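A look at the structure
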Amino acid sequence: MSTKVYGYIRVSTQEQNIERQMIALLDTGIERKDVYIDRQSGRDFKRPAYARLLQRIRTGDLIVIKSIDRLGRNYQEIMEQWRIITKEKKVDIRILDMPLLDTTRTKDLLGTFISDVVLQLLSFVAENERDNIRQRQAEGIAAAKARGIRFGKPRIPVPDNFPELYRQWIVDDITTEEFAAFCKMGRSTLYKRIQEYRIPKNTP
């Protein structure tokens, strides 16, 4: 039985471009129809394309991936999927960004040992880098907030006649819907502004 070669691509969002990974896979000679693509975060690893690929592969086949972090979101998942593919399915893996991770070239004991060590190291590095990215993002957001930069939707200001509208609303001269319409905001936002208005500015 001849070896069948498949490619696997994963991007984190629907908007993220797959072309960089696709070009790298096609350059190896893989046909586009044999490339499986997931456009999901892989938060719980329920990836439909990946699941179909695991069902399709047979002993002796080869899966080609651009980089090791496409295989899983963290160290444990990468190691587990590597085990499933190479041990349970008895399928080879080739990681294009790291030529040492090519099980077609490491069939002997020393080669397998080197491959396993490199895999563990790169898996750890991939997870650690994602943690560092999240930490830098959190630090950046905190620094921006400290400088007064606001995130999310812009705050809707209350109109100058808000006190008068509030008085009319209190005595039922206007309805809540009319109050919100005059202020050009939704009911939930209006209630927040009312709550803020009721709290004296010098309250600790």
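If you tally the helices and strands in the protein, you get seven helices and four strands. Looking at the protein as a whole, 36% of its 204 residues are labelled buried. Partitioning the contacts of the protein with sequence separation of at least 6, the portion at a separation of at least 24 is 61%. Carbon and sulfur atoms make up 54% of the accessible area of the protein, which amounts to about 13300 Å² in all.

For the rest of this paragraph, the subject is helix α5 (residues 162–170). All of the buried residues in α5 are Phe162, Leu165, Tyr166 and Trp169. Each buried residue of α5 lies within a common arc of 100 degrees when the element is viewed along its axis, so the set occupies one face. Next to the buried residues of α5 lie α6 (176–183) and α7 (187–198). Taken from the residues just after α5, Asp172 is the one with a positive phi, measuring 65 degrees.

The next thing to look at is the pattern of salt bridges. It is possible for side chains of opposite charge to pair when their charged atoms get near one another. Applying the stated criterion across every chain yields a total of eleven salt bridges. Between Asp69 and Arg70 there is a salt bridge, with the nearest N and O atoms lying 3.2 Å from each other. By relative accessible area, which is 12% here, Arg70 ends up buried. Note that Glu196 is salt-bridged to Arg193, the shortest N-O span being 3.7 Å. Pair noted here: Glu196 and Arg193 are both in helix α7, with a separation of three residues, about one helical turn. The partly exposed category is assigned to Glu196, whose relative accessible area is 36%. Taken together, the shared-partner salt bridges connect Lys4, Glu31, Lys33 and Asp34 into one network.

Right, let's get into the nonpolar core. Among the nonpolar cores identified, the biggest contains 19 residues, and Ile63, Leu71 and Ile85 are the most heavily contacted of them. Elements with a minimum of two residues in this core: β1 (5–11), α2 (48–56), β3 (62–65), α3 (75–88) and β4 (92–95).

On to α2. Every buried residue belonging to α2 is among Ala49, Tyr50, Leu53 and Leu54, and all of these are buried. The buried side chains of α2 occupy one side of the element, clustering within an arc of 140 degrees when seen end-on.

What follows covers the sheet that holds β3. A sheet is described by the order of its strands in space; here four strands give the open sequence β2-β1-β3-β4, paired in parallel fashion. Across the chains shown, the open sheet's two edge strands, defined by having one partner strand only, are β2 (35–39) and β4. Strand after strand, the sheet turns through a mean of 20 degrees between neighbouring axes, direction not considered. Taken together, the four bridges between β3 and β4 define a ladder with parallel strand orientation. The partner of Leu62 across the bridge, within β4, is Asp92. Against the sheet, helix α1 (residues 19–26) makes contact with β1, β2 and β3, and its axis sits at roughly 170 degrees relative to β1, the strand it touches most.

Each value, and the rule that gives it
Residues numbered from 1 in each chain as written. Predicted model: local features only at pLDDT ≥ 70, side-chain atom pairs only at ≥ 80, totals over all residues. Heavy atoms only, no water. Helix = DSSP H or I, 4+ residues; strand = E, 2+ residues; numbered from the N terminus. Buried < 20%, exposed > 50% of the residue type's maximum accessible area, 1.4 Å probe, protein only. Contact = heavy atoms within 4.5 Å. Areas by Shrake-Rupley, 256 points an atom, 1.4 Å probe, with all protein chains shown as cover. Arc of directions from axis to C-beta. Salt bridge = Lys/Arg side-chain N within 4 Å of Asp/Glu carboxyl O. Core = buried A, V, L, I, M, F, W, Y, C linked by side-chain atoms within 4.5 Å. Pairing = 2+ DSSP bridges. Axes fitted to C-alpha atoms, helices over the stretch in contact; angles between N-to-C directions.

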